[in-house]
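Summary of the model geometry
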Amino acid sequence: MLTNITRRTTTGLTALGGALVGLALMAGPIDAQIINEIQYDPAPDLTGDANGDGVANTSEDEFVEIYNDTAACLDLSNWELHDAVGQRHVFPAGTLLFAGETIVVFGGGTPTGSFGGAEAQVASTGFLGLNNGGDDVVLLDASLATVVSETYADITDDQSITRDPDLTGAFVPHSGATGSGGALWSPGSMIDGTAFFASVVEINEVLHDPSPGSDPNGDGIADTSQDEFVEIVNNT
């Protein structure tokens, strides 16, 4: 089967297994993941539509944003996101979080938008259940060891809380964060809406399973080994 895979199409990346992870540096260390933004109290009207699906829903528009603060690609397959009650999301097999990038887990709905280039998932249990009065947000690896945990208090209404500055600061109401321009949230993006990811070189496309009758390399010979390819993009 002819399959073109962009670098963030995780279902396609799964089929590549360790080979692609090697191309994307390696399965990275797990001690430098940052919970950067938490939306536990979305506004009940469309100003709270953080997942961008055009529907205001105070459960579905909850989200957690996680940043990979390492130089390596991280395989999140079967990792879990919990609150103080228990499991809220299991990351599906093939979920990769590249170095310097974010992933966003929404409570539900149909996430629509670019989200700063971040991958957006919805809670596998159907909701995140983040308590408006304060809660824990815990990321666990596939062995259920805690990777990072944050406990928040109720400091705002109808908007997210975010680190100010991004990644290193304390949690503050998003609309008052430096550079927010009054925005109520920025899932997947920095406070000012710009993308975290600024890599110069990236793996953009991988063909791991050419169709037996196809000839992507154009040499007139259909060969399922020779017609495999990796596309690398220089963004400078």
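For the structure, check the block above.
What comes next concerns the included structure. Please read all numbers here as calculations on a predicted model, not as lab measurements.

About the thresholds
- Residues numbered from 1 in each chain as written.
- Predicted model: local features only at pLDDT ≥ 70, side-chain atom pairs only at ≥ 80, totals over all residues.
- Heavy atoms only, no water.
- Helix = DSSP H or I, 4+ residues; strand = E, 2+ residues; numbered from the N terminus.
- Buried < 20%, exposed > 50% of the residue type's maximum accessible area, 1.4 Å probe, protein only.
- Polar contact = N/O pair within 3.5 Å; in protein donor to acceptor, adjacent residues only side chain to side chain.
- Phe/Tyr/Trp six-rings, centres within 6.5 Å; stacked < 30°, edge-to-face > 60°.

When you line up the elements, threonine 95 lands in the loop between strand E6 (87-90) and strand E7 (96-97). Under the relative-accessibility criterion, threonine 95 is labelled buried at 0%. Of the polar contacts made by the side chain of threonine 95, one reaches the backbone oxygen of proline 92; its length is 2.7 Å. Reaching out from threonine 95, the side chain makes a polar contact with the side chain of glutamine 121 at a distance of 3.2 Å.

For any pair of aromatic rings, geometry is given as the distance between the ring centres together with the angle between the planes. Tallied over the entire structure, the rule returns four aromatic pairs. Both rings, one in tyrosine 40 and one in tyrosine 152, keep their centres 4.5 Å apart while their planes meet at 15 degrees; by these two values the pair is stacked. Separated by 112 residues along the polypeptide, tyrosine 40 in the loop between strand E2 (33-39) and strand E3 (63-68) and tyrosine 152 in strand E11 (residues 146-153) bring together distant segments of the chain. The class of tyrosine 40 is buried, set by a relative accessible area of 0%. Taking relative accessible area as the criterion, tyrosine 152 reaches 5% and is therefore assigned buried. Considering the side-chain rings of tyrosine 67 and phenylalanine 196, the 5.2 Å spacing of their centres and the 50 degrees angle between planes classify their relative orientation as tilted. With a gap of 129 residues between them, tyrosine 67 in strand E3 and phenylalanine 196 in the loop between strand E13 (170-173) and strand E14 (201-207) connect regions that are remote in the sequence.

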